[in-house]
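Close look at the chain arrangement
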Amino acid sequence: MLKTGLTGGIGSGKSEVSKRLAAKGAVVIDADRIAREVVEPDTPGLARVVAAFGEGVLRPDGSLDREKLGSIVFADPERLAALNAIVHPLVGERVAELQSRAADDAITVYDVPLLAENHLAPMYDVVIVVDAADETRIRRLAEHRGMLEADAKSRIAAQASREDRLAVADIVIPNEGSLAELDARVDEVWEELTRRAGRG
């Protein structure tokens with residue numbers, strides 16, 4: 001099994017690449033999505049979060065109010081550690097379950113936004129970085145997510161720099177052009193991954 005880490009700063013187009021790799025047959029494991037799934041209504045994860053943080057972190061419909069919880073934990077490192085102690089093991093279990101279901105010769109792609117920040121590159125056989133200039137990313141965040149320029153800049157500043165991210169890359173997917181150009185580059189990367197997995 002080829003373990004591939006996929007990362008890229010906010011607005012780089014990482015989810016576009018992830019979608020294309022999944023369409024080619026990669027087993028995509030999205031850490032952020034799993035972190036949301038393990039605290040959905042009626043899960044043991046959500047029950048543990050409520051036990052630790054109180055009913056005040058729930059919306060009227062019984063789902064987790066992420067903004068409310070975020071305002072609590074990001075202001076207090078101990079509370080953040082308590083939340084991570086609940087969520088991280090559940091995410092780990094789910095990732096292990098998804099991994100165990102993948103075929104022995106599968107190409108697994110772990111979609112990990114903070115791969116460079118958390119020094120996770122050594123965990124993977126191959127690290128792919130989706131790269132775009134900060135100006136391009138700021139423009140995309142404004143166009144596609146309605147984010148103000150100042151907010152986009154502060155989100156980018158809070159992440160690893162382009163240099164730090166590129167320093168851990170085995171493969172770079174530049175993403176400043178058209179979707180057709182991105183498709184062509186993903187095709188090349190998929191060939192490279194199948195070759196490395198001994199399937200090409």
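Residues numbered from 1 in each chain as written. Predicted model: local features only at pLDDT ≥ 70, side-chain atom pairs only at ≥ 80, totals over all residues. Heavy atoms only, no water.

Considering the confidence of the model for the protein chain
Our working rule: Scored from 0 to 100, pLDDT reflects the predictor's confidence in each residue. Segments assigned H or I by DSSP are reported as helices when at least four residues long, segments assigned E as strands when at least two residues long, and all are numbered from the N terminus.
Mean pLDDT over the protein chain stands at 92; residues scoring 70 or higher make up 100%. Across the protein chain, the element-wise mean pLDDT spans from 87 in helix 7 (residues 149-158) up to 98 in strand 4 (residues 126-131).

As for the sheet that holds strand 1 (residues 2-8)
Under the convention used in this document: By definition, two strands form a pair when at least two bridges between them are found by DSSP. Convention adopted: a line fitted to C-alpha atoms gives each axis, helices being fitted over their contacting stretch, and angles between N-to-C directions are expressed from 0 to 180 degrees.
Ordered by their spatial adjacency, 5 strands build an open sheet running 2-3-1-4-5, and the pairing between neighbours is parallel. Looking along the sheet, the strands with just one partner apiece sit at the ends: strand 2 (27-30) and strand 5 (171-174). Each adjacent strand pair in this sheet contributes to an overall mean axis angle of 25 degrees, direction not counted. Relative to strand 5, strand 4 runs parallel, the two being bridged by 4 bridges. Residue pairing in the sheet places D131 in a bridge with P174 of strand 5.

Considerations on the pattern of salt bridges
Inclusion rule: Basic side-chain nitrogens of Lys or Arg form a salt bridge, by our definition, when they fall within 4 Å of a carboxyl oxygen of Asp or Glu. Exposure is judged per residue with a 1.4 Å probe applied to protein chains only, and the accessible area is read against the type maximum: over 50% gives exposed, under 20% gives buried, and values in between give partly exposed.
Tallying each qualifying case throughout the model produces 18 salt bridges. Of the charged contacts, one joins K24 and D187 as a salt bridge, the two residues approaching to 2.6 Å between their closest N and O atoms. Of this pair, K24 sits in the loop between helix 1 (14-23) and strand 2 while D187 sits in helix 9 (residues 179-196); the two residues are 163 residues apart in sequence, bridging distant segments of the chain. By relative accessible area, which is 33% here, K24 ends up partly exposed. When the shortest N-O distance is used, the salt bridge between E117 and R165 registers 4.0 Å. Separated by 48 residues along the polypeptide, E117 in the loop between strand 3 (107-111) and strand 4 and R165 in helix 8 (residues 162-167) bring together distant segments of the chain.

Focus on the packing of helix 1 against helix 9
Describing two packed helices takes the angle between their axes plus the distance from one axis to the other. Note the following rule: Geometric relationships in this document are graded by angle, where less than 35 degrees denotes roughly parallel, more than 145 denotes roughly antiparallel, 65 to 115 denotes roughly perpendicular, and other angles denote oblique. For any pair of crossing helices, the crossing counts as left-handed if the nearer helix is rotated counterclockwise from the farther one by less than a right angle, and right-handed if it is rotated clockwise. Whether two residues touch is decided by their heavy atoms; if any such pair falls within 4.5 Å, the residues are in contact. Ten residue types, Ala, Val, Leu, Ile, Met, Phe, Trp, Tyr, Cys and Pro, are classed as nonpolar, four, Asp, Glu, Lys and Arg, as charged, and the remainder, Gly among them, as polar.
The interhelical angle for the contact between helix 1 and helix 9, taken along N-to-C directions, is 55 degrees, at an axis separation of 10 Å. As far as their axial angle goes, helix 9 and helix 1 are oblique. Crossing of helix 1 against helix 9: the hand is right-handed. Where helix 1 approaches helix 9, its residues E16, V17, R20 and L21 are matched on the opposing element by L179, L182, D183, V186, W190 and L193. Among the residues making up the contact of helix 1 with helix 9, the classes are represented as 7 nonpolar, no polar and 3 charged.

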